[in-house]
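Residue strings, one per chain:
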Amino acid sequence: MPTFTTTDGVRLHYEDEGTGRPVVLVAGFCAPLESWELQRRALAAAGLRTIGFDRRSHGRSESPAHGQRLSRHGADLHELLVTLGLDDAVLVGGSQGASAIWACYDLFGRDRVGAVVTIDQTPRMVNGDGWEHGFYGLTKANVGTFFDAGIPDTGRGLREPRTAGIAKVAEALGGLPAFADPRTPERRALLQSHTEQDWRDVIARMEVPSLFIAGRDSQLWPCEHATAAAAANPLASVVTLEDCGHAANLDQPDATNAAILEFLG
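Residues numbered from 1 in each chain as written. Predicted model: local features only at pLDDT ≥ 70, side-chain atom pairs only at ≥ 80, totals over all residues. Heavy atoms only, no water.

Novice: Help me understand the packing of helix H1 (residues 37-45) against helix H9 (residues 253-264), please; the structure alone is not making it clear to me.
Specialist: If you want to describe how two helices pack, look at the angle between their axes and the distance between the axes. One can describe the packing of H1 onto H9 by two numbers: an axis separation of 10 Å at closest approach and a directional angle of 40 degrees. The pairing of H1 with H9 is recorded here as oblique in orientation. Along this stretch, H1 crosses H9, giving a crossing that reads as right-handed. On H9, the residues that touch Leu38, Gln39, Ala42 and Leu43 of H1 are Pro253, Thr256, Asn257, Ile260, Leu261 and Leu264. Classifying every residue of the contact of H1 with H9 by side-chain character gives 7 nonpolar, 3 polar and no charged. (Axes fitted to C-alpha atoms, helices over the stretch in contact; angles between N-to-C directions. Helix = DSSP H or I, 4+ residues; strand = E, 2+ residues; numbered from the N terminus. Parallel < 35°, antiparallel > 145°, perpendicular 65-115°, else oblique. Left-handed = near helix turned anticlockwise from the far one by under 90°. Contact = heavy atoms within 4.5 Å. Nonpolar A, V, L, I, M, F, W, Y, C, P; charged D, E, K, R; others polar.)

Novice: Please clarify how the pairing of strand E8 (residues 236-241) should be interpreted in this entry.
Specialist: Along a regular strand, successive side chains alternate from one face of the sheet to the other. As judged from the 6 bridges shared by strand E7 (residues 210-215) and E8, these two strands associate in the parallel manner. From the neighbouring strand, Ile213 faces E8, where its bridge partner is Val239. Chirality of the crossover, the property in question, places the unit of E7, helix H7 (residues 225-230) and E8 among those that are right-handed. (Pairing = 2+ DSSP bridges. Right-handed = clockwise from strand over helix to strand, strands pointing away.)

Printed below as a string of structure tokens:
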């Protein structure tokens, strides 16, 4: 099982295969790298080097009490790029994984990064002050307690999972990927850090091409977050997937793969 040790002493797991331009897959909150299995296969078939990354407290990586903030997750991602000697890497992040990528760019700029793909992650979770593309119901008044009981059902967006896509992932893996428990103190601290971020200024000054993929029927926030974020940067583009909820790589894996490959092409 390939791992590397971060500068603060945490062993993180990754998978690396193929040749060609490197594409690093960064999963969302509590999701393991195996949740990208259908994307991994599509990218490998296109001749790309694919690296799946388990962030700290995710998948088979260690889950320490320290470093459970987005800035440290961004630093971890950059240390992975350095450890593997990657240049001109394409960073693909789903949900909170997108925020880890923005944190990495905020800290290290375009060093080793050639392009970015984010999948259904609003750059600002909190609504208000002219921004209404955050998590449904999350405001400055409740930002400190909103997720105390877990991630709430918003009653919005896609109400039934797209079983065809999930079945494809399960068939490819021989079972469903194992998601981590979001209620641990470590992951609860990380979720709070995630909740408080605003990445819009980072997105506006990014100097590499970026693609925002949004689910038309996301259960967490309006799909217009992607268009609003991309409008600040002339190198950004948007694809909104129809009949798709928040977890686009599971709901609509084929459409997600097509959007990523077209962007890279």
